[in-house]
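Listed here are the chains, written in short residue letters.
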Amino acid sequence: MRVASVEDDVALAHLPGGLPVEAMAMPGVVADQLATLCIRPDRVAVMFPSRPGMTGADPDEPPLLEATLTDLRQMGDHVLLRLRLANGAELLVRRPPTAALQRVAPGQAAVLAWQPAQAMAFPFRGEMG
C-alpha cells in the first residue's frame, strides 16, 4: 500500500486500486512510500448489508472497504471468512459463530472495517506473499 500521510502515528494509505485504509504507523513509515499492512484476522469487523447502499458510512470518515465473500468455513469456535476486495486482494477474517453468519453465502457483498489501532503499517521491505 502507498502511504498518503502520517499524522499522530496514524498512517492514511491507499491499497492498490485506491482503496483507503488507516493503520498505526510503525517507525520508518513515511508519506509517499510503500508500506505493508498487518491486521489480525479476528480484528476485522464484517457487515453483510441486506440491500446495496445500506452501509451507513459517515462522510467525514474514510470509506469502508467493500468486498465479496468467496468462502466461509466453520472451524469449531470460529468461522473463517475469505473475502475479495475490489482490487482482487483477498483477506481472511475470523469471527465468532453467530446466527447472522449462518445466513450468508459465497458471492454476498460485505463491508469491512477496523479501528486504526488494530492495524499496523510497517515500512515495505520488498517481501511478497
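Scroll up for the structure.
Procedures and definitions
- Think of each chain on its own: its residues are numbered from 1, step by step along the sequence as written.
- In keeping with the predicted nature of the model, local features appear solely for residues at pLDDT of at least 70, side-chain atom pairs appear and are counted solely at 80 or more, and the whole-chain, interface and lining totals rest on all residues.
- Heavy atoms throughout the structure, all of them, feed into the side-chain values; hydrogens and water do not.
- Residues enter a nonpolar core if they are buried and are Ala, Val, Leu, Ile, Met, Phe, Trp, Tyr or Cys, with the set joined through side-chain atoms within 4.5 Å.
- Burial classes follow relative accessibility: with a 1.4 Å probe on protein chains only, a residue under 20% of its type's maximum area counts as buried, one over 50% as exposed, and anything between as partly exposed.
- For helices the rule is a DSSP run of H or I covering at least 4 residues; for strands it is a run of E covering at least 2, with both sets numbered from the N terminus onward.
- For this analysis, residues touch if any pair of their heavy atoms sits within 4.5 Å.
- Should DSSP find at least two bridges between two strands, the strands are taken to pair.
- Geometry is summarised by axes, namely lines fitted to C-alpha atoms with helices restricted to the contacting stretch, and by angles between N-to-C directions that run from 0 to 180 degrees.
- A pair is scored as a salt bridge if a Lys or Arg side-chain nitrogen falls within 4 Å of a carboxyl oxygen belonging to Asp or Glu.
- N or O atoms within 3.5 Å of each other form a polar contact, as long as, within protein, one can give a hydrogen and the other can take it, and as long as residues adjacent in sequence are counted only when both atoms are side-chain atoms.

Participant: Would you take a moment to explain the nonpolar core for this structure?
Facilitator: Side chains that are nonpolar tend, in soluble globular proteins, to be buried together. Ranked by size, the top nonpolar core spans 29 residues in total, and within it Val46, Leu65, Leu81, Leu83, Leu85 and Leu112 carry the most contacts. Elements supplying a minimum of two residues to this core: strand S2 (10-14), strand S3 (20-25), strand S6 (65-74), strand S7 (79-85), strand S8 (90-95), strand S9 (109-113) and strand S10 (119-123). Here this core gets four residues from one element, more than from any other, and that element is S7. The contact partners of Leu65, leaving out residues within four places of it in the chain, are Leu15, Leu19, Pro20, Val21, Leu85, Ala110, Val111, Leu112 and Trp114.

Participant: It is not clear to me how the pairing of S8 should be interpreted in this structure. Could you clarify?
Facilitator: Side-chain positions along a regular strand alternate between the two faces of the sheet. Here six bridges tie S7 to S8, and the two strands are oriented antiparallel to one another. Counterpart to Leu81 in the pairing with S8 is Val93. Two successive antiparallel strands, S7 and S8, enclose a turn made up of four residues, where Gly88 displays a positive phi of approximately 95°.

Participant: Is there a simple way to explain the sheet that holds S6 in this structure?
Facilitator: In a beta sheet, neighbouring strands pair by backbone hydrogen bonds and run either parallel or antiparallel. Here we have five strands laid out as an open sheet, ordered S5-S9-S6-S7-S8, and antiparallel in their pairing. If you trace the sheet from one side to the other, it starts and ends with strand S5 (45-47) and S8, each paired once. Taken over all neighbouring pairs, the strand axes of this sheet differ in orientation by 40° on average, direction set aside. Strand direction decides the pairing type here: S6 and S7, joined by seven bridges, are antiparallel. Bridge assignment links Leu72 to a residue of S7, and that residue is Leu81.

Participant: Before we go on, may I ask you to explain the pattern of salt bridges in this structure?
Facilitator: For side chains bearing opposite charge, pairing can occur when the charged atoms are close. Under the criterion given, the structure shown has six salt bridges. Residue Asp42 pairs with Arg40 through a salt bridge whose shortest N-O separation is 3.3 Å. Taking the relative accessible area as the measure of exposure, Asp42 reaches 23% and is therefore partly exposed. For Asp42, the salt bridge is made with Arg94, and the minimal N-O distance between the two is 3.4 Å. With Asp42 in the loop between strand S4 (35-39) and S5 and Arg94 in strand S8, the pair connects residues that are 52 residues apart, well separated along the chain. On the accessibility criterion, Arg94 (31% relative accessible area) is partly exposed. Ionic contacts of the salt-bridge type, sharing partners, join the residues Arg40, Asp42 and Arg94 into one network.

Participant: What exactly am I supposed to notice about the side chain of His78 here?
Facilitator: Within the fold, His78 resides in the loop between S6 and S7. Side chain to side chain, His78 and Asp77 meet in a polar contact 2.8 Å long. Once residues lying within four places of it in the same chain are set aside, the contact partners of His78 are Arg73, Arg94, Arg95, Pro96 and Pro97.

Participant: What's the story with the environment of Leu92 in this structure? I'm lost.
Facilitator: Positionally, Leu92 belongs in strand S8. Using a relative accessible area of 42% as the deciding quantity, one classes Leu92 as partly exposed. Remark: the alpha-carbon pair of Leu92 and Val44, spanning 48 residues in sequence, is separated by 9.1 Å. Ignoring anything within four residues of it in the chain, the contact list for Leu92 reads Pro41, Leu80, Leu81 and Arg82.

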